[in-house]
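Residues per chain are reported as follows:
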Amino acid sequence: VQLQASGGGLVQAGGSLRLSCAVSGRTFSTYTMGWFRQAPGKEREFVADISRSGGYTYYADSVKGRFTISRDNAKNTVYLQMNSLKPEDTASYYCAADPVYARITLERVKYWGKGTLVTVSS
């Protein structure tokens, strides 16, 4: 299974970006999918996850109301729409997948993608 994230870049505070993560290999719809981020000098942290069908979504308090996670099982892709970006959102963003658990945590990730860098300027 390979996860390929894309969509990062440089944006001004208040702007928007949409990250995508394309998944190859096993059936995408059997995975709970999530996004994490890691800022320089900080630990990796949970951002959002989404259930296999897309019916349930969960967010970190820091992004609730600004970010939206979604998935397209026909395209084997999960998205993270990020609005009202703040400088503190600057980080490398990683997509994650797990075939077992209904919720993803750092300890419950079987597959990681490589990060895509998001930089928010003030």
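It should be emphasised that the depicted structure is a prediction, and the values quoted were computed from it without experimental measurement.

Below, the discussion takes up the environment of aspartate 89. Relative to the helices and strands, aspartate 89 is located in the loop between strand E8 (77-82) and strand E9 (91-98). The spacing of aspartate 89 and valine 120 is 31 residues in sequence and 6.7 Å in space, taken between C-alpha atoms. With residues near it in sequence (within four places) discarded, aspartate 89 still touches Arg37, Arg66, Phe67, Ser84, Val118 and Val120. A distance of 2.8 Å separates a polar side-chain atom of aspartate 89 from the backbone nitrogen of lysine 86.

Turning our eyes to something else, we now look at the sheet that holds strand E3 (residues 17-24). Read from one edge to the other, the open sheet built from four strands follows the order E1-E3-E8-E7, with strand pairing classed as antiparallel. Each end of this open sheet is capped by a strand with a single partner; those strands are strand E1 (2-6) and strand E7 (67-72). In this sheet, adjacent strand axes meet at a mean angle of 15° when their direction is disregarded. As judged from the six bridges shared by E7 and E8, these two strands associate in the antiparallel manner. Residue aspartate 72 lies in a different strand from E8, and its bridge partner there is threonine 77.

This brings us to the state of the cysteines. All told, the structure shown has one disulfide when counted by the stated rule. Note on cysteine connectivity: cysteine 21 is disulfide-linked to cysteine 95, with sulfurs 2.1 Å apart. The sign of the S-S torsion, about 50°, decides the handedness of the disulfide formed by cysteine 21 and cysteine 95: right-handed. Taken together, the residues cysteine 21 in strand E3 and cysteine 95 in strand E9 connect sequence positions 74 residues apart. With a relative accessible area of 0%, cysteine 95 lands in the buried category.

Within the secondary structure layout, threonine 116 lies in strand E11 (residues 116-121). Its relative accessible area of 9% is what places threonine 116 among the buried residues. Within the local environment of threonine 116, its side chain forms a polar contact with the backbone nitrogen of glycine 8, the two atoms lying 3.1 Å apart. Beyond its immediate chain neighbours, meaning those up to four positions away, threonine 116 contacts Ala5, Ser6, Gly7, Gly8, Leu19, Ala91, Ser92 and Tyr93.

Cut-off values and rules
Residues numbered from 1 in each chain as written. Predicted model: local features only at pLDDT ≥ 70, side-chain atom pairs only at ≥ 80, totals over all residues. Heavy atoms only, no water. Helix = DSSP H or I, 4+ residues; strand = E, 2+ residues; numbered from the N terminus. Contact = heavy atoms within 4.5 Å. Polar contact = N/O pair within 3.5 Å; in protein donor to acceptor, adjacent residues only side chain to side chain. Pairing = 2+ DSSP bridges. Axes fitted to C-alpha atoms, helices over the stretch in contact; angles between N-to-C directions. Disulfide = S-S within 2.5 Å. Buried < 20%, exposed > 50% of the residue type's maximum accessible area, 1.4 Å probe, protein only.

Honestly, it's all geometry; don't read function into it.
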